[in-house]
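Residues per chain are reported as follows:
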There are 2 protein chains.
Amino acid sequence: MSITRPRGFRAVGLPAGIKSTGAPDLAVIVNDGPRDTAAAVFTANRVQAAPVLWSRQVVADGRARAVILNSGGANACTGPEGFADTRRTAEHLAAELEVDAQDVLVCSTGLIGERLPMPPLLAGATTATAQLGAGTEADETTARAIMTTDTVPKTAEATTPSGAVVGGIAKGAGMLAPQLATMLVVLTTDADVDAATADAALRAATATTFDRVDSDACMSTNDTVILLASGASGIAASLEELSEAVRAVSADLARQLVADAEGASHDVHVVVRSATTEQAALAVAREIARSNLVKAAIFGNDPNWGRIVSAAGCVPEEVAPFAVEDLSVTVNGIEVCRGGGAHRDRSEVDMTPRETLIEVDLGAGTAAGDIWTNDLTHDYVEENSAYSS
Amino acid sequence: MSITRPRGFRAVGLPAGIKSTGAPDLAVIVNDGPRDTAAAVFTANRVQAAPVLWSRQVVADGRARAVILNSGGANACTGPEGFADTRRTAEHLAAELEVDAQDVLVCSTGLIGERLPMPPLLAGATTATAQLGAGTEADETTARAIMTTDTVPKTAEATTPSGAVVGGIAKGAGMLAPQLATMLVVLTTDADVDAATADAALRAATATTFDRVDSDACMSTNDTVILLASGASGIAASLEELSEAVRAVSADLARQLVADAEGASHDVHVVVRSATTEQAALAVAREIARSNLVKAAIFGNDPNWGRIVSAAGCVPEEVAPFAVEDLSVTVNGIEVCRGGGAHRDRSEVDMTPRETLIEVDLGAGTAAGDIWTNDLTHDYVEENSAYSS
């Protein structure tokens, strides 16, 4: 179970006919309260899809009653007409639920630049409202309805020491199929918390989990992570305990996103240590994680430390101070580079596991940071070139 | 003809046994003067190969008598021993030519992290000295000796209005085979100019040519572009006319580098117009040129404007001010996106030519900038994963 495991939530997912395949493509999640606390973080891309523009307004007051999500179309770069479609979607569901449209969040994922088929979408919203429920089936159908090229639905949950529950579902992330790169995440909790607490917990969690998944450096126009709190448990969780539970669920879901990367043959964890600041460590980790040369080498099971050191060298000195002669690189436990030069033989490195651990020591300070990515494979190129999108 | 077409230069290339294949791998270029003017620009990567560290010192006084270049090994991340190897190489050639080692530039390209085989390299330098000459064969063997996975040698030349000649050879660039991504360029001229003029002409030329080729955003540890002036023509070319001739030769060579990208099936020219500044235009062009989603779509002959707009949206507002609703995107002459939304049908775009022209109008100002790149293909992944390096 996941999003309806916390008390106070109902959900459902179903095929509404948005996808030509007839696969599930519409989901509704309702917060029955007593609280209607909501927080959300959105893509930093300046090109923002209509549902992102709408949901930003909705969540501004820290309140929301429901979320409606569709796959099969991103409703991005669709202009005023696209925004009107999102508004109509929210207003339609609001009428069905007898809530205010300004309390209905909307998420979409799919192709950019095309309008959504509104009649089936709105009809599906009506059907979904009648089928809302709680339990394993509700969680399962909801998680499945937001899938694009994900091979498995992604769910997670955690409980705070005081007994409040946090549940979540997720879809997407770069390598899964970057033309549909959108990451959509909905987290629910029955903790009795206000909007400020929910917002602080969500931002702290995403900063160290979803924000550190960088499949191919391409930001989606639709990325959205939502946290809804019903307060139904009556448990006034502290910011600390709620943050930890939200972080745990987010980390679990983020790792599942990386693991389900269809185009990938390796999940790559880049850990940078001994940096002057966390920002410096993350800048170096991100540069390595974004290097096509490093990613292609890993696909070839080649612990190519030269490419890793070269990528680190592309980070400006003012961003990440370090001396090249202090660099060490360890791949899957073997220190192949020390003092900026060759150390143990690369042949000692076992690259066959799906998970590849790259540890870089900058010898410049005490801060650390990590990024998760995937390797660059033929399947990645195939997925992103074979289909028009 | 190319580098020995300007008067005052001799050159030769030969197989010295550095490459296990027995292919040509060592080249020597000598400036017989009367002038020994030299200028050079080097990689911005903080990880700099031994020959780059050495050559920076040599060219600091604006003078050089010779250049020795090898393929088959980058001599990067090789520590003090690697630097000593470079110094020995310069001292050995200097003795053969009876010049000062401080006037001998060294360039290397090949694998990172391995020492060079010095005995065959030094013996080859001795042999090369005896075979130095001018003319088509000298130019041809020299251009071939610096090739790594280039399929053809790259040469170009131009003449200034006053009759001074500029010649040049080049190898490499990202997509050619990024594990050997180094770009090495040597330009020669018989113009009678001082170091300041040569340096100004070279920097102006590289800024709008080699610096605008961005195959895969990965900077090499060895990139070097050198300009030598012999003054043998007695023609005191003005900065303006020398700059134009050096720019013409550089642009010719840069285009040849893109065209020879082995892993690529398209040469992609990204042109951004109506930007507030040239820096803003280049930032947007570079982001588009570096997007794996855009590059993979082009490999699939898909004029995917949604990915292009999404990539543009990833550039921070403070770097490139523009409004998404003002964006237009034209691919191979068809305006597929106008006002940030769909315009003409993508099916109208002919993606079959090797050259793909992406024109983005930001509607924010009057500045423009362009970047050349290649598409992301199976061959690129194969080249960079199949071989250990």
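Numbering of residues begins from 1 in every chain and follows the order in which that chain's sequence is written. Note on labels: chains are lettered from A, ligands numbered from 1, in written order. Under the rules for a predicted model, residues below a pLDDT of 70 receive no local features and side-chain atom pairs below 80 are neither given nor counted, while totals for whole chains, interfaces and linings still include all residues. Calculated side-chain values reflect all of the structure's heavy atoms, with hydrogen atoms and water omitted.

- Chain A goes by Arginine biosynthesis bifunctional protein ArgJ in an unreviewed UniProt entry, where it is assigned to Brachybacterium faecium.
- UniProt positions are given in the numbering used here, feature names are shortened, and annotations may be inferred rather than shown by experiment. As its UniProt record puts it under Sequence similarities (unreviewed entry), chain A is described as follows: "Belongs to the ArgJ family."

**Describing the sheet that holds strand β11 (residues 328-331) of chain A**
All names here are of chain A.
Phase 1 of the analysis: Here a strand pair is declared whenever DSSP counts at least two bridges between the two strands. Numbering of helices and strands starts at the N terminus; helices are DSSP runs of H or I of at least 4 residues and strands are runs of E of at least 2. With mixed pairing, 6 strands are arranged side by side in an open sheet as β13-β12-β11-β14-β10-β15. Only two strands of the sheet have a single neighbouring strand rather than two, namely β13 (341-342) and β15 (367-374).
Phase 2 of the analysis: Where strand β10 (residues 267-275) meets strand β14 (residues 355-361), 7 bridges bridge the pair, whose relative direction is parallel. Within β14, the residue paired with V268 across the bridge is T356.
Phase 3 of the analysis: We call two residues in contact whenever any of their non-hydrogen atoms come within 4.5 Å of each other. Fitting a line to C-alpha atoms yields each axis, with helices limited to the stretch in contact; the angle taken between N-to-C directions then spans 0 to 180 degrees. Packing of helix α8 (residues 292-299) onto the sheet brings it into contact with β10, β14 and β15, and relative to β14 it is tilted by some 135°.

**A few points about the pattern of salt bridges**
Residues and elements named next belong to chain A.
Phase 1 of the analysis: Throughout this description, the term salt bridge denotes a Lys or Arg side-chain nitrogen within 4 Å of a carboxyl oxygen of Asp or Glu. If you walk through the whole model with that rule in mind, you get 45 salt bridges over all chains.
Phase 2 of the analysis: Ionic pairing is found between D370 and R212, a salt bridge with its closest N-O pair at 3.1 Å. In this pair, D370 sits in strand β15 while R212 sits in the loop between α5 (195-208) and β9 (224-229), placing the two residues 158 residues apart along the sequence.
Phase 3 of the analysis: The buried label goes to any residue with under 20% of its type's maximum accessible area, the exposed label to any with over 50%, and the partly exposed label to all in between, with areas taken from a 1.4 Å probe on protein chains only. With relative accessibility at 9%, the residue R212 sits in the buried group.
Phase 4 of the analysis: In this structure, R346 and D302 form a salt bridge, with 3.9 Å as the shortest nitrogen-oxygen distance. Of this pair, R346 sits in the loop between β13 and β14 while D302 sits in the loop between α8 and α9 (305-312), placing them 44 residues apart in sequence.
Phase 5 of the analysis: Looking at D302, the relative accessible area reads 5%, which means it is buried.
Phase 6 of the analysis: Linked by salt bridges that have partners in common, D36, D61, R63 and D103 make up one network.

**Quick word on the UniProt feature "active site" (unreviewed entry) in chain A**
All names here are of chain A.
Phase 1 of the analysis: Mapped onto the present numbering, the UniProt feature "active site" (unreviewed entry) falls on T182.
Phase 2 of the analysis: Locating T182 in the fold gives a position in the loop between β7 (165-171) and β8 (184-189).
Phase 3 of the analysis: Owing to a relative accessible area of 4%, T182 belongs among the buried residues under this scheme.

**Let's talk about the interface of chain A and chain B**
Phase 1 of the analysis: In this complex, chain A contributes 51 residues to the contact, which on the side of chain B involves 51 residues.
Phase 2 of the analysis: Here the quantity called buried area is the accessible surface, traced with a 1.4 Å probe, that two parts lose on coming together, added over both. At the boundary of chain A with chain B, total buried surface from both sides reaches about 4,000 Å², with 55% on carbon and sulfur atoms.
Phase 3 of the analysis: At the junction of chain A with chain B, the criterion picks out 2 salt bridges.
Phase 4 of the analysis: When the shortest N-O distance is used, the salt bridge between E317(A) and R46(B) registers 3.6 Å.
Phase 5 of the analysis: Pairing of N or O atoms within 3.5 Å defines a polar contact, subject to two protein rules: one partner must be a possible hydrogen donor and the other a possible acceptor, and residues neighboring in sequence count only if both atoms are side-chain atoms. Between the two partners, chain A and chain B, sit 16 residue pairs in polar contact (both at pLDDT 80 or more).
Phase 6 of the analysis: Mapped by element, the contributors of at least two residues to the side of chain A that touches chain B are α8, α9, β13 and α10 (378-385) of chain A.
Phase 7 of the analysis: In terms of residue count, the dominant contributor to the side of chain A that touches chain B is α10(A) (6 residues).

**Comments concerning the relation of the copies chain A and chain B**
Phase 1 of the analysis: Between chain A and chain B, which share one sequence, the superposing operator has a rotation angle of 180° and an axial displacement of 0.0 Å; the RMSD is 0.0 Å. Expressed as an axis order, the relation between the two copies is that of a two-fold axis. Residue H378(A), judged by its C-alpha, is the member of chain A lying nearest the rotation axis, at 2.8 Å.
Phase 2 of the analysis: In this assembly, 100% of the residues forming the interface of chain A have copies in chain B that are likewise at the interface, indicating an isologous arrangement. When the copies are overlaid, the least-squares fit takes in C-alpha atoms only where the residue has pLDDT of at least 70 in both copies.

**Some details on the nonpolar core**
Phase 1 of the analysis: Note on terminology: a nonpolar core comprises buried Ala, Val, Leu, Ile, Met, Phe, Trp, Tyr and Cys residues joined through side-chain atoms within 4.5 Å. Among the nonpolar cores identified, the biggest contains 89 residues, and V284(A), V329(A), V360(A), I29(B), I68(B), L69(B) and L228(B) are the most heavily contacted of them.
Phase 2 of the analysis: Apart from residues no more than four positions distant in its own chain, V284(A) is found in contact with V272(A), A312(A), V315(A), A320(A), F322(A) and L362(A).
Phase 3 of the analysis: Within the second largest apolar cluster, 48 residues are counted, among which are I29(A), V58(A), A101(A) and M118(A).

**Digging into the state of the cysteines**
Phase 1 of the analysis: The disulfide definition used here is simple: a pair of cysteine sulfur atoms within 2.5 Å. The full count for this structure, using the stated rule, is 0 disulfides over all chains.
Phase 2 of the analysis: For the unlinked cysteine C337(A), the closest cysteine sulfur is that of C77(B), found at 6.3 Å.
Phase 3 of the analysis: A relative accessible area of 0% places C337(A) in the buried class.
Phase 4 of the analysis: Cysteine C107(B) shares no disulfide, and the gap to the nearest cysteine sulfur, in C77(B), comes to 17 Å.

**So, the confidence of the model for chain A**
Residues and elements named next belong to chain A.
Phase 1 of the analysis: pLDDT is defined as a per-residue confidence score from the predictor, taking values between 0 and 100. When pLDDT is averaged along chain A, the result is 93, and 95% of the positions lie at 70 or above.
Phase 2 of the analysis: Within the model, pLDDT remains below 50 along residues 175-180, and this stretch shows 34 contacts once partners closer than five positions in the same chain are excluded.
Phase 3 of the analysis: Among the scores for the predicted complex, ipTM is 0.86 and pTM is 0.87.

**A look at unusual backbone geometry**
All names here are of chain A.
Phase 1 of the analysis: Note the cis peptide between G33 and P34, where omega equals 15°.
Phase 2 of the analysis: Here P34 shows up in the loop between β2 (26-31) and β3 (37-42).
Phase 3 of the analysis: Of note in this structure, S274 is not a glycine but carries a positive phi near 55°.
Phase 4 of the analysis: For S274, the position within the fold is in strand β10.

**A few points about the packing of aromatic side chains**
Phase 1 of the analysis: Any Phe, Tyr or Trp ring, taking Trp's six-membered ring, that has another such ring centre within 6.5 Å forms a pair; planes under 30 degrees apart are called stacked, those over 60 apart edge-to-face, and the others tilted. Summed over the entire model, instances satisfying the criterion amount to 2 aromatic pairs over all chains.
Phase 2 of the analysis: Only lysine NZ and arginine CZ atoms are considered, and such an atom sits over a ring when it is within 6 Å of the ring centre and within 35 degrees of the ring normal. Sitting over the ring of F322(A), R46(B) keeps its end group 3.9 Å from the ring centre.

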